[in-house]
Amino acid sequence: MTLFLIVIIAVLAFEFINGFHDTANSIATVVSTKVLTPRQAVMMAATVDLAGALIMGTSVAMTIGAGLVDVSVITMPAVLCALLGAIFWNLFTWWLGLPSSSSHALIGGLCGAAVASAHCDWSVLHWSDVDAAGNIIGIWPKVIMPMLIAPCIGFGVAVIVMSILYIVLKRVRPRFINMIFGKLQIVSAAWMGFSHGSNDAQKGMGIVTLALCTATTSGLFDDLPSWLSFLRTPEMKVHTWVILLCGITMAAGTAMGGWRIIKTMGHKMVKLQPINGFAAETSAACVIVAATHFGVPLSTTHVISTSIMGVGAVKRFSAVKWGIVGRIVWAWVLTLPITCLVGFGLMRLAHVLFTF
């Protein structure tokens, strides 16, 4: 039971770190264009993040919890090692000010820990499969393909939206444009924050549910008193209290603000005006909400970053600071393999030190 409680604390730590690490996803543009003060933007982001987490269902959580690895090999130590790998990478990239993917960090850690738990049997990873309900599951269709395609879609949609706005508003005075889109950008930033909460909060929900299911099937909860019977989860089903717990925790992390990454995305990568911020946020949010609907644990960081690049490229290709973009892309590429190795290494170390 002690190990289970440690796992739950680690999940909440991951959700909290995810919140302040990814705050930049929803407010970097609105802060950089000075439409809102940092304090106003952070509080708005925390509020809509929570709303997104509570409203948009649990399809992404189910993908994380049961659609990527064979749950029969998952133990409490494996879940803990996966979380520690993801937390390590999130803190490391936050310290460097790089917008990396919390989603991919968690998935990489989970895959590495699962393989180590199965004594290097790679078949425990669901590469591409169909579940009992006929839904396509697996790392390739739900993680790798979206990782490659979603940033391109975010970039492309942002280019189209920004180009249309430039064409429609080319004869309108810049002062009037800034005034109108200054107000509209508040709406688009809120929409972006809502989409972030709808997708990212579900990652923690999936891990908590996986931990509950693992503890129940292993007999850990057999002797629980009646007032703790709500913990028993014989099948993968996300409880309402799990949704509330993860949503509130990530919203609290968002309220802390991740200023290092906000500075990178809002100031260093591209110099933005309110109309650019509106186009980037609207484009990214639409892509993320669509992914949430289909149960894809998308990297919200990847999508908003490439949307910002897209609006910057329309403005002027040289307006994008491609050297900084290169550093960001390297962080994206390395996230899955590094967290997989960390999760694997921690689980192998646990096997050496303890007998589970």
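My aim in this report is to walk through the structure given alongside it, one point at a time. Please read all numbers here as calculations on a predicted model, not as lab measurements.

## Digging into helix α12 (residues 300–315)
Phase 1 of the analysis: Its 16 residues give α12 an end-to-end C-alpha distance of 23 Å, which sits within 8% of 22 Å, the value for a rise of 1.5 Å per residue.
Phase 2 of the analysis: Buried residues dominate α12, accounting for 14 of its 16 residues.

## Digging into helix α1 (residues 2–21)
Phase 1 of the analysis: In this model, α1 (20 residues) spans 28 Å end to end at C-alpha, consistent with the 28 Å of a helix rising 1.5 Å per residue.
Phase 2 of the analysis: The complete set of buried residues in α1 reads F4, V7, I8, A10, V11, F14, E15, I17, N18, G19, F20 and H21.

## Considering the nonpolar core
Phase 1 of the analysis: Ranked by size, the top nonpolar core spans 59 residues in total, and within it L83 and M205 carry the most contacts.
Phase 2 of the analysis: For this core, the elements supplying multiple residues, two or more each, are α1, α4 (59–66), α5 (76–96), α6 (102–117), α7 (139–168), α8 (174–217), α9 (240–256) and α13 (322–353).
Phase 3 of the analysis: Ranked by size, the runner-up nonpolar core spans 24 residues in total, among them A150, L165, F278 and A284.

## Details of a nonpolar patch on the surface
Phase 1 of the analysis: Taken together, the side chains of W140, M145, L148, I149 and I153 define a hydrophobic patch exposed on the protein surface, amounting to about 450 Å² of accessible area.
Phase 2 of the analysis: With respect to the element layout, L148 can be found in helix α7.

## Let's talk about the state of the cysteines
The term disulfide refers to a covalent linkage connecting the sulfur atoms of a pair of cysteines.
Phase 1 of the analysis: Under the counting rule described, the total for this entry stands at zero disulfides.
Phase 2 of the analysis: Free of any disulfide, C152 has its nearest neighbouring cysteine sulfur in C286, separated by 18 Å.
Phase 3 of the analysis: Classification of C152 by relative accessible area gives exposed; the value is 54%.
Phase 4 of the analysis: C246 provides the cysteine sulfur closest to C213, a residue in no disulfide bond, and the two sulfurs are 16 Å apart.
Phase 5 of the analysis: Residue C213 is classed as buried on the basis of its relative accessible area of 11%.

Calculation criteria
- Here the residue index of a chain counts from 1 through its sequence in written order.
- Confidence filtering applies because this is a predicted model: local features only for residues at pLDDT of at least 70, side-chain atom pairs given and counted only at 80 or more, and all residues used for totals across whole chains, interfaces and linings.
- The side-chain numbers reported here are obtained from all heavy atoms of the structure, hydrogens and water having been left aside.
- Strands here mean DSSP runs of E at least two residues long; helices mean DSSP runs of H or I at least four residues long; both are numbered from the N terminus.
- Under the convention used throughout, the expected extent of a helix is 1.5 Å for every residue step, that is, one less than its residue count.
- The buried label applies to any residue whose accessible area, calculated with a 1.4 Å probe on protein chains only, is under 20% of its type's maximum; exposed applies above 50%, and partly exposed to all values in between.
- Buried residues of nine kinds, namely Ala, Val, Leu, Ile, Met, Phe, Trp, Tyr and Cys, make up a nonpolar core once their side-chain atoms join them within 4.5 Å.
- Exposure above 30% relative accessible area and no salt bridge define the residues that can form patches, which grow by joining like charges within 9 Å and nonpolar side chains of Val, Leu, Ile, Met, Phe, Trp and Tyr within 5 Å.
- Computed by Shrake-Rupley with a 1.4 Å probe, the accessible areas treat only the displayed protein chains as cover when residues are assessed.
- Whenever Lys or Arg places a side-chain nitrogen within 4 Å of a carboxyl oxygen from Asp or Glu, that contact is recorded as a salt bridge.
- Two cysteine sulfur atoms form a disulfide, by the criterion used here, when they sit within 2.5 Å.

Scope: geometric values only; no functional claims are made or implied.
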